[in-house]
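Okay, here's what each chain looks like letter by letter:
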Amino acid sequence: MESQNFGHEHPLVLMFNEEAQSNQSEASPTQYCSRCGEKMSSGPSFGCAEECGFYLHKECAEAPSQIHHPFHRDHPLCLLTKPPANYSSGRFICDFCGEEGKTFDYNCSSCDLDFHIKCALFTYNLAEKRVGEFKPIAFKDPSICAEELGNAKCFGCWEPLVDSIYCSLDCGFNLHQKCADLPFQIGYPGHRKHPLILQFSSEIFPCVICQGTERGGFFYSCSLCNFVIHIACLSPPSIIEDKGHQHPFTLFFRQFLFTCDACGIEGNCFPYMCSNCNLLLHKTCISLPRIIKFMWHEHPIFHTYFLEINESESWDCVLCLKKVNTEHGSYSCSDCHFIVHVNCVLRREEWYYVIEPDKILDYYSALLSDVSMDSFTVVERNKDGKATEIKHFSHLHNLMMSDKVVKDDKYCDGCTFSISGSFYHCSQCDFFLHKICAELPKKKHDWFHECQKHLILISDHIFKCCDCEYLSNGFAYKCEECKCQVCMRCSKILDTVTCEGHEHPLSFYVEYKGQCSACGVEIERAYKCKECNFGLCWDCLGLPCTTRHKCDEHLLTLAYHDNDTYSKRHFCDICEEDRNPNRWFYYCAICDTSVHTECVLGRYPFMKLGKKYEFKDHPHPLTLVKKMYYYPQCSACDKPCLDLALECQEPRCEYIIHWDCFGSSSGLRE
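Bear in mind that the values here come from a model prediction, so they are computed numbers and not experimental data.

Procedures and definitions
- Residues numbered from 1 in each chain as written.
- Predicted model: local features only at pLDDT ≥ 70, side-chain atom pairs only at ≥ 80, totals over all residues.
- Heavy atoms only, no water.
- Patch = residues over 30% accessible without salt bridge, like charges linked within 9 Å, V, L, I, M, F, W, Y side chains within 5 Å.
- Areas by Shrake-Rupley, 256 points an atom, 1.4 Å probe, with all protein chains shown as cover.
- Salt bridge = Lys/Arg side-chain N within 4 Å of Asp/Glu carboxyl O.
- Lys, Arg positive; Asp, Glu negative; His and termini not counted.
- Charge placed at Lys NZ, Arg CZ, Asp CG, Glu CD.
- Helix = DSSP H or I, 4+ residues; strand = E, 2+ residues; numbered from the N terminus.
- Buried < 20%, exposed > 50% of the residue type's maximum accessible area, 1.4 Å probe, protein only.
- Contact = heavy atoms within 4.5 Å.
- Pairing = 2+ DSSP bridges.
- Axes fitted to C-alpha atoms, helices over the stretch in contact; angles between N-to-C directions.
- Core = buried A, V, L, I, M, F, W, Y, C linked by side-chain atoms within 4.5 Å.
- Polar contact = N/O pair within 3.5 Å; in protein donor to acceptor, adjacent residues only side chain to side chain.
- Phe/Tyr/Trp six-rings, centres within 6.5 Å; stacked < 30°, edge-to-face > 60°.
- Lys NZ or Arg CZ within 6 Å of the ring centre and 35° of its normal.

Quick word on a negative patch on the surface
Okay, so step 1: On the surface, Asp573, Glu576, Glu577 and Asp578 cluster together into a patch of negative charge.
Okay, so step 2: Tracing the sequence through the fold places Asp573 in the loop between strand 47 (552–559) and strand 48 (585–588).
Okay, so step 3: Taking the relative accessible area as the measure of exposure, Asp573 reaches 34% and is therefore partly exposed.

What follows is the structure in structure tokens.
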């Protein structure tokens, strides 16, 4: 039987069960409804008479162009053929089920509400008590099929289905029986002024019990008073006992404005109170973990409801860098003057793990057994007690202390930076270590490492740093669990640092958005100054203070601004392009050479030349070199070796290979 075409160019035919099933079995591709985008079922549906692949569920085809929904009484929901034009992605998120949609959309433009067709019709029929239209309904006992349910939740209250008797509807919704029978309007003892109406809304107000603001499902509300309560919170427990506190917490069944003594955040809800300790808490804050291990700090941090401090002391949260009110709850390590807001530290699960109070002694025992060992032993000391000769784990020979100025190009085998200041060196071979690099611990905690395992100091291999993503052949700190490796440059960067390019300390901001003051690149995380609008990206913070380049015979020094106002002098002496005088650059005062930082450092700034490596395709050891003045042909690809390469230095052997060619064969390519 033919019907109206519902906006389709061809006539549509109404198909009943047998006909629809026949079409399903004959068609090779799976058929989908052109309105809701879901798979066609075996029930009544419409199909194109011309068999062009256009199908509609009967309920989707007959969906009204407008719905005056009982759960959204202020405005009608209008059926759109596609998401509104101001949705740049061309998709919407359904405000009932939380799933994505990209076809027809019931929309309220005034309230920014969007619903799938089936979600809008389901909730409308539920409000009108016409759930029977979604036959068959089979109420089930969750205890019989708990394994099958898994983590499935009720679409009304969003609590697990295993909590009570539920029904599964043909339209794909699961609903507790008690949620299907919810009254449209109720009186509530916690809000006597007005009745509460069952509805959904795009306005996000926190629940007066749990303070949650999740969208989706149903809740009761009074729009006049912005009073909202989730279905699952209608009957909150009057007393909650928590093993982390010696007294029970009692519900104060009255909404008022207070500051939670556990998290320090203001709440306008029904608090739980401990009259013995004079505490008022959000319901969700009662069960806060007492001890956590936060990845930014080496020690466990403890939750307290208040801290006794000296009046002169100022405690700033290391995450948001705002002052912590120590009269309310926070997490802290008093030994290290380390503190964080509760909501700051708990907002990302990957940042921390919970330590149960009865396991804290085991944790400290394990920590003591994992104490870092020294990376060297002292062979000889001078009369002042300073180590003048050491045996370092990374080198075959003993190393001698020196503080003489190195005239030739010598680089540290630890951090790969130019040798300056006090250093250790090998008298038998070209091996150098800055004193600070030689004294690095064999194991250390890395504040930015999510595994939270101690990193092990290793040497003698090429790796890609997990933080800066540069290749390096210096020392690395390696995590044995996730295999992440961090270079020396990045391992020395802490959450708060000082920088010669700025007068104030810089702190790490997780949610910084702006330009790096050194290179001008847009960044989302930065080391920022609290006093002024100055921020640095991770790469610029770790720039070496001095470096060398073939463009100049002297050391180039990192400069932070150019005081020369003559604009024609603002160019790079390497690439000969313009140079922004407000950005950092490298400079030689003797030769008046000014160059971009990226032009000096190139692609491989942290690879120490002269190191030897074995290569499976060549019988002799290969030495890491950088060709600057002449460019021999690569033995693998026949192209000139313009940059980093590995060269055989055996007499009469002219083998040389690009780093790119070597890396692709060995699995170490950039």
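Now that the structure has been shown, the text picks up again.
Re the environment of Cys599
Okay, so step 1: Turning to its location among the elements, Cys599 is positioned in helix 11 (residues 597–601).
Okay, so step 2: If we skip the residues at most four places from it in the chain, Cys599 touches His549, Cys572, Ile574 and Cys575.

Let's talk about the sheet that holds strand 29 (residues 376–381)
Okay, so step 1: Strand order in the open sheet formed by 5 strands is 29-30-31-32-33, and the pairing between neighbours is antiparallel. Whereas interior strands pair on both sides, the edge strands pair on one side only; in this sheet they are strand 29 and strand 33 (432–434). Adjacent strand axes in the sheet meet at a mean angle of 30 degrees, parallel and antiparallel pairs treated alike.
Okay, so step 2: Two elements, strand 30 (residues 387–392) and strand 31 (residues 399–402), share 2 bridges in a ladder whose sense is antiparallel. Paired with Ile390 across the bridge in strand 31 is Leu399.

Some points on the nonpolar core
Okay, so step 1: By size, the foremost hydrophobic cluster in this structure holds 167 residues, and its most contacted members are Phe96, Ile229, Phe294, Trp296, Leu319, Val340 and Leu536.
Okay, so step 2: If one sorts the elements of this core by residue count, helix 3 (residues 117–127) sits on top with 7 residues.

Some remarks on the pattern of salt bridges
Okay, so step 1: Within this structure, the stated rule accounts for 14 salt bridges.
Okay, so step 2: Here Glu356 and Lys243 are joined by a salt bridge, their closest N and O atoms 3.6 Å apart. Placement of the pair is Glu356 in the loop between strand 28 (352–354) and helix 7 (360–369) and Lys243 in the loop between strand 18 (239–240) and strand 19 (249–251), with a sequence separation of 113 residues.
Okay, so step 3: Between Lys530 and Asp316 there is a salt bridge, with its nearest N and O atoms 3.0 Å apart. Here Lys530, found in the loop between strand 44 (526–528) and strand 45 (535–536), pairs with Asp316, found in the loop between strand 25 (301–304) and strand 26 (330–333); they are 214 residues apart in sequence, far enough to count as distant.
Okay, so step 4: For Lys530, a relative accessible area of 42% puts it in the partly exposed group.
Okay, so step 5: Of the residues examined, Asp316 reaches a relative accessible area of 29% and is grouped as partly exposed.
Okay, so step 6: Within this structure, Asp413, Lys608 and Lys611 form a network of salt bridges that share partners.

So, helix 3
Okay, so step 1: Summarising burial for helix 3: 9 of the 11 residues are buried, a large majority.
Okay, so step 2: Considered for burial, the residues of helix 3 that qualify are Ile117, Cys119, Ala120, Leu121, Phe122, Thr123, Asn125, Leu126 and Ala127.

Section: the environment of Tyr631
Okay, so step 1: Summarising the element assignment, Tyr631 is placed in the loop between strand 51 (618–626) and strand 52 (644–648).
Okay, so step 2: If we skip the residues at most four places from it in the chain, Tyr631 touches Lys550, Pro640, Cys641 and Leu642.
Okay, so step 3: Within the structure, the side chain of Tyr631 is placed 3.4 Å from the side chain of Lys550, a separation counted as a polar contact.

Digging into the packing of aromatic side chains
Okay, so step 1: Applying the stated rule across the entire model yields 26 aromatic pairs.
Okay, so step 2: Their ring planes at 50 degrees and their centres at 6.3 Å tell us that Phe294 and Phe338 sit as a pair that is tilted. In this pair, Phe294 sits in strand 24 (residues 291–294) while Phe338 sits in strand 27 (residues 338–340), placing the two residues 44 residues apart along the sequence.
Okay, so step 3: Judged by relative accessible area, which is 0%, Phe294 ranks as buried.
Okay, so step 4: Between the aromatic rings of Trp296 and Trp351, the centroid separation amounts to 6.5 Å while the plane-to-plane angle is 40 degrees, which identifies the pairing as tilted. Of this pair, Trp296 sits in the loop between strand 24 and strand 25 while Trp351 sits in the loop between helix 6 (342–345) and strand 28; the two residues are 55 residues apart in sequence, bridging distant segments of the chain.
Okay, so step 5: Taken together, the aromatic side chains of Phe294, Trp296, Phe338, Trp351, Trp447, Phe448, Phe508, Tyr527 and Trp538 make up a single cluster linked through ring pairs.
Okay, so step 6: The lysine or arginine in question, Lys442, covers the ring of Phe393, its NZ or CZ lying 4.4 Å from the ring centre.
Okay, so step 7: A cation over an aromatic ring shows up here: Arg579 above the ring of Phe585, its NZ or CZ 4.3 Å from the ring centre.

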